[in-house]
Amino acid sequence: MSEPLYLAPRLEPRLASLLDSPAFLHPLVTALGSPLNLVLPDQIADNVRAFRAVYARHRLGGRVLYAHKANRSSALLRRLAATGPAAAVGVDVASLGELQHALGAGLTPDRIVATGPKDPDYLWLAARTGVTVAVDSPAELTSLARLVERFGLPRVPVLPRLSDFAAPGTRVLTRRSRFGTPAADAGPLLDLVEKHGDSVDLTGVSYHLDTMGLAEKAAALDGCLRVLDEARRRGLRPRCVDVGGGFGVDYLADGAQWERYTTELTRALLGRRPPLTWEGHGYGLRGENGTLRGTLSVYPAHRPVAGPRYLDELLAQTAPSLGRPLATLLLENLYDLHTEPGRALTDQCGLTLARVLEVRVTAAGERLVRLAANARDIGLEDHGLLLDPVLVPAAPRPEGNGGPPAGSGVAAGSGDAAGSGAGAGVGVYLLGNLCLESDLITRRLVHLAHEPRPGDLLAFANTAGYFMDFTADHALHQPIARKVAVHREGDTGPWSWCLDEQYWPHLTAGDDA
Amino acid sequence: MRYEHITDAIGDTPLVRIAPEVHGLRHIDLYAKLEMLNPFGSVKDRAAWRMARPHLEDARRHGRTVVELSSGNTAKALAVIAGVHGLPFRSVTNRMKVPEIKDLLLLLGAEIEELPGQAECLDPTATEDPLTRIHRMLTEDDGRYLHTDQYYNPANAEAHASGTGPEIIKDLGGTAPDWFVACVGTAGSSTGAARALRAHDPDIRVVGLVAQKGDFVPGIRDIDEVHEVGLFDPETYDALEAVSADEAIDGMLTLVRRCGILGGPTGGAAYFGAVRHLRERDAELARAGDGRRGTAVFIVCDRVESYMSYVRQRRPELLRRPPRPNSPATVTPRELAEVRSVGVEEARAWIAAERPLVVDLRGSFAFEALHIEGSVNIVDELFEELLHGGPPFGRSQPVLLVCPVGEKSATYAALLARMGHRDVRSLAGGVIAWRDAGAPMVRD
């Protein structure tokens, strides 16, 4: 048997310290059940500060808007409402429910941008409360203007969403989007803005591209600046560009583990080593006559340029048609920068705990670990994230708690059957609690430093962005995970908790409001 | 040497010996096969010509477009070949990381389509990657495209089996080398040449060089990516070894500075990988002590000129220039502290009373949109250039410098003061403060 292939999560001090507190975590799961979601509201305030530092470095003003859809948590939202300055922090909502939630969490309308597909109820509440509306199309702009006129509402700030940007030189084949108005149709859109000038106030334009490609995003920002210039030429007074998000998160502690894992996966699919996945699942790749076909469709879990660093790189890009760095262009043209990081703002903000119910070895020697949770509670597979859980034992193991940070996970395992070599940890498949063959928490063979026992907890780190409750539902009458907010006094105080909906920032928020 | 057509100059490239004092191998003669001296500049000229030639006449008759998935040299060669035969050329790629080559392709008249980056949110319903999709589009539509298909086309490897390999044998006086070292991109040159060399001498050892994972060496794939290439067969290679971008540049430096071979980073990687691999073999020959010598050949696949931005990004110190006079970087904190920065109200009063020259240092796009009335625009980059030669206006002409937030303008004011300018001021807080104070700006 070859060496275990770990994919250890990157753990910053606050999350690492929480994971290192089994005496706090075990009673919580006993009281509230498995699975259990934990969020760390103070972390999101720190993450906002990291983005603000990039703004400051480029001398840019504008808002960091949390894309609410990454997590349903009230605690995270309320903590953001208490994070300041108010002119610099806000939230981007994508549904009527999220808008109501944001308003109820204490975010004032000037700090909210309404995006996404909009029904009339959503549009009405947005207009009524005066939040900024990122209008998707000329038709939506017209509907909004009609609402404002019909109900005699004040002018609504709008931020049209643009798409399909052309770059000079080479043609960049951007993935098609169903959102936004093509930049080439900006003229007629601005005509509409002018026509409804008493109802809508164009404060800027926005884009959001589902890509990691910096060049595509630079071309989009360049295109936005041109449209804004046209708006100014017409006498409108736009003040900002919203560049959306998609800045990414670096999930793994050790890049070398990622490189090694993906190489071994390739070899396994070409039949040059034993499978690394349940039933030889290839994550988009397949071997055909010794040639690899397809593309690895997983999240690039090791992403050194992610979050604030990605934004920094984007701003340093040279605008393809305007020829100067994007940050310089924004500054020179007196535009504020709005960003909407969802996943990146929730980095290190949460974890999901699941109790081990059963460990069994199949006739073929595979070790199956059944958890009191399913793949909808922990959406790793759904979003293609390959990441190891951290074992939080019920009783201490001889070597310690068994939570393996990068590279330290190799310890004498108790496993000795196929799938685990002596002294090399133990390889297991993680099964969910649904009566479905497809319900694996991850299709990967996961290596753990110790064999889990019933009653142990497996902690899935860094799940706050999309992996926690984005897909959770009541399938087969299995309970949805409860969510608690955890916090502590300073960096060393004891951990405290409350139910997510009971959290209000006065419990912990410092003086950053 | 007289040719009827430029394509006749493809192939028959020189084999040049690397001096032993450069590579330090005492028992091995090392030769560079200079594929960079092909007429369009790279080893790919052979494959491009071989793949396209039989179909050009037919393609011209039917007005087809030559299409290839290429990030560089193959596209370059095909663009030229297509151009001189009156055919359009289109390159589809997601790997075009070298800006000079992109510009060169545009100059040659190529149309380039770049594939989008990976999606940030995984879409489980997307079962096909863009490359596969385009591949299928091309193979299904046989009416409009001449797809040269370098990753699967056997003509790619054949160009080397019938050209590169036999040429090496001929230039070595009818013998195959003991080692053949080649970087693996499409695997065409290594597969084809190895086939010819092995046929001549089954004992030859073939070393394939791949890029270190997560590193980028132009034209080379990493150890996972080579498996995506139809021509790649692991059996071809006695060893597959990885070379980092840094090592490729080191090797390139040796070639260009000490051997006079102006090869690019891929050739540098081949040289570096060859010497590293051969060092141990050299020691074995020394230990044997029987006076036997070995011969090795590596391929220099293209020229250095296209990779300046690659070098600038990774090893900027190699392109260092002597400091220039009056550069903003030389401004001291003390000089900066002595700059006269004026607030918006003071600046407005000064402008009204004395009509100083107001110089806006922002880009022309921003200046064009909104600026202080009566100001002139000298973009900071240009202003810096001007200052190297001396102040661009009289020393007694009052000047107000303006930039976005008052930082750059203060630096340039300090420089002008150092150069003896008598009344230069900087707008504190820049255009942003001006706007925030409600002072007028125009678009005229």
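Residues numbered from 1 in each chain as written. Chains lettered and ligands numbered in written order. Predicted model: local features only at pLDDT ≥ 70, side-chain atom pairs only at ≥ 80, totals over all residues. Heavy atoms only, no water.

### Some thoughts on the UniProt feature "active site" (unreviewed entry) in chain A
Residue and element names in this part refer to chain A.
Phase 1: UniProt feature "active site" (unreviewed entry): in the numbering of this structure it lies at Cys435.
Phase 2: For cysteine 435, the position within the fold is in the loop between strand S19 (426-431) and strand S20 (440-448).
Phase 3: Cysteine 435 gets classed as exposed once you look at its relative accessible area, which sits at 71%. (UniProt positions renumbered as here; feature names shortened; annotations may be inferred. Helix = DSSP H or I, 4+ residues; strand = E, 2+ residues; numbered from the N terminus. Buried < 20%, exposed > 50% of the residue type's maximum accessible area, 1.4 Å probe, protein only.)

### As for the packing of aromatic side chains
Phase 1: Here the structure, examined in full by the defined rule, presents 14 aromatic pairs over all chains.
Phase 2: Ring geometry for B:Phe216 versus B:Tyr310: centroids 5.9 Å apart, planes at 75°, classification edge-to-face. Here the residue B:Phe216 occupies a position in the loop between strand S8 (205-211) and strand S9 (239-243), and B:Tyr310 occupies one in helix H11 (residues 308-314), the gap between them amounting to 94 residues. The two residues B:Phe216 and B:Tyr310 agree in class, both being buried.
Phase 3: Aromatic ring contacts, followed pair by pair, group A:Phe51, A:Phe247 and A:Tyr310 into a single cluster.
Phase 4: Over the ring of A:Tyr55 we find A:Arg52, and its NZ or CZ is 4.6 Å from the ring centre.
Phase 5: Over the ring of A:Tyr261 we find A:Arg444, and its NZ or CZ is 5.3 Å from the ring centre. (Phe/Tyr/Trp six-rings, centres within 6.5 Å; stacked < 30°, edge-to-face > 60°. Lys NZ or Arg CZ within 6 Å of the ring centre and 35° of its normal.)

### Thoughts on the interface of chain A and chain B
Phase 1: Each partner contributes to the interface: chain A provides 51 residues, whereas chain B provides 47 residues.
Phase 2: Between chain A and chain B, roughly 4,100 Å² of surface is buried when both sides are summed, and carbon and sulfur atoms account for 52% of that area.
Phase 3: For the interface between chain A and chain B, the tally reads 4 salt bridges.
Phase 4: Linking chain A with chain B are 12 residue pairs in polar contact (both at pLDDT 80 or more), by the criterion used here.
Phase 5: Only strand S8 (171-172), helix H9 (214-233), helix H10 (255-269), strand S14 (291-294) and helix H12 (326-332) of chain A provide two or more residues apiece to the side of chain A that touches chain B.
Phase 6: Looking at which element gives the most residues to the side of chain A that touches chain B, the answer is H9(A), with 6 residues.
Phase 7: When the residues that make up the side of chain A that touches chain B are grouped by side-chain class, the tally is 15 nonpolar, 19 polar and 17 charged. (Contact = heavy atoms within 4.5 Å. Buried area = accessible area lost by both parts, 1.4 Å probe. Salt bridge = Lys/Arg side-chain N within 4 Å of Asp/Glu carboxyl O. Polar contact = N/O pair within 3.5 Å; in protein donor to acceptor, adjacent residues only side chain to side chain. Nonpolar A, V, L, I, M, F, W, Y, C, P; charged D, E, K, R; others polar.)

### With respect to the domain arrangement of chain B
All names here are of chain B.
Phase 1: Split by domain assignment, chain B resolves into domain 1 (6-43 + 155-319), domain 2 (44-153) and domain 3 (328-436).
Phase 2: Here the C-alpha centre of domain 2 lies 25 Å away from the C-alpha centre of domain 1.
Phase 3: Contact with domain 1, which involves 39 residues of that partner, is made by 22 residues of domain 2.
Phase 4: Together domain 1 and domain 2 conceal approximately 2,600 Å² of surface at their shared face, both sides included; 54% is due to carbon and sulfur atoms.
Phase 5: The interface formed by domain 1 and domain 2 contains 3 salt bridges.
Phase 6: A salt bridge links glutamate 158 to arginine 50; the nearest nitrogen and oxygen atoms lie 3.9 Å apart.
Phase 7: The tally of links between domain 1 and domain 2 comes to 21 residue pairs in polar contact (both at pLDDT 80 or more).
Phase 8: Listing elements by their share of the side of domain 1 that touches domain 2, those giving two or more residues are helix H7 (154-171) and H11.
Phase 9: The element contributing the most residues to the side of domain 1 that touches domain 2 is H7, with 10 residues.
Phase 10: For the side of domain 1 that touches domain 2, the per-class residue count stands at 14 nonpolar, 16 polar and 9 charged. (Domains from an automatic or database assignment.)

### Re the environment of A:Arg14
Residues and elements named next belong to chain A.
Phase 1: By the element assignment, arginine 14 lies in helix H1 (residues 13-19).
Phase 2: For the pair arginine 14 and glutamine 43, spaced 29 residues apart in sequence, the C-alpha to C-alpha distance is 7.7 Å.
Phase 3: Excluding anything up to four places from it in sequence, arginine 14 contacts Leu40, Asp42, Gln43, Asp46 and Trp495.

### Here we look at the pattern of salt bridges
Residues and elements named next belong to chain A.
Phase 1: Summed over all chains, the structure comprises 61 salt bridges over all chains.
Phase 2: Residue arginine 226 pairs with aspartate 222 through a salt bridge whose shortest N-O separation is 4.0 Å. Of this pair, arginine 226 and aspartate 222 both sit in helix H9, 4 residues apart, which is roughly one turn of the helix.
Phase 3: Arginine 286 is the partner of glutamate 288 in a salt bridge, and the nearest nitrogen-oxygen pair spans 3.0 Å.

### Points about the packing of helix H2 (residues 44-52) of chain B against helix H4 (residues 73-84) of chain B
All names here are of chain B.
Phase 1: One can describe the packing of H2 onto H4 by two numbers: an axis separation of 8 Å at closest approach and a directional angle of 50°. On the basis of their axis angle, the class for H2 and H4 is oblique. Remark: the crossing between H2 and H4 carries right-handed chirality. Of the residues in H4, those in contact with Lys44, Asp45, Ala48, Trp49, Met51 and Ala52 of H2 are Asn73, Thr74, Ala77, Leu78 and Ile81.
Phase 2: Taken together, the residues that form the contact of H2 with H4 break down as 7 nonpolar, 2 polar and 2 charged. (Axes fitted to C-alpha atoms, helices over the stretch in contact; angles between N-to-C directions. Parallel < 35°, antiparallel > 145°, perpendicular 65-115°, else oblique. Left-handed = near helix turned anticlockwise from the far one by under 90°.)

### Examining the pairing of S20(A)
Residue and element names in this part refer to chain A.
Phase 1: With respect to burial, S20 is a largely interior element, 8 of its 9 residues being buried.
Phase 2: The pairing of S19 with S20 spans 5 bridges and is classified as antiparallel. Each bridged residue has a counterpart across the sheet, and for glycine 427 the counterpart in S20 is histidine 447. (Pairing = 2+ DSSP bridges.)

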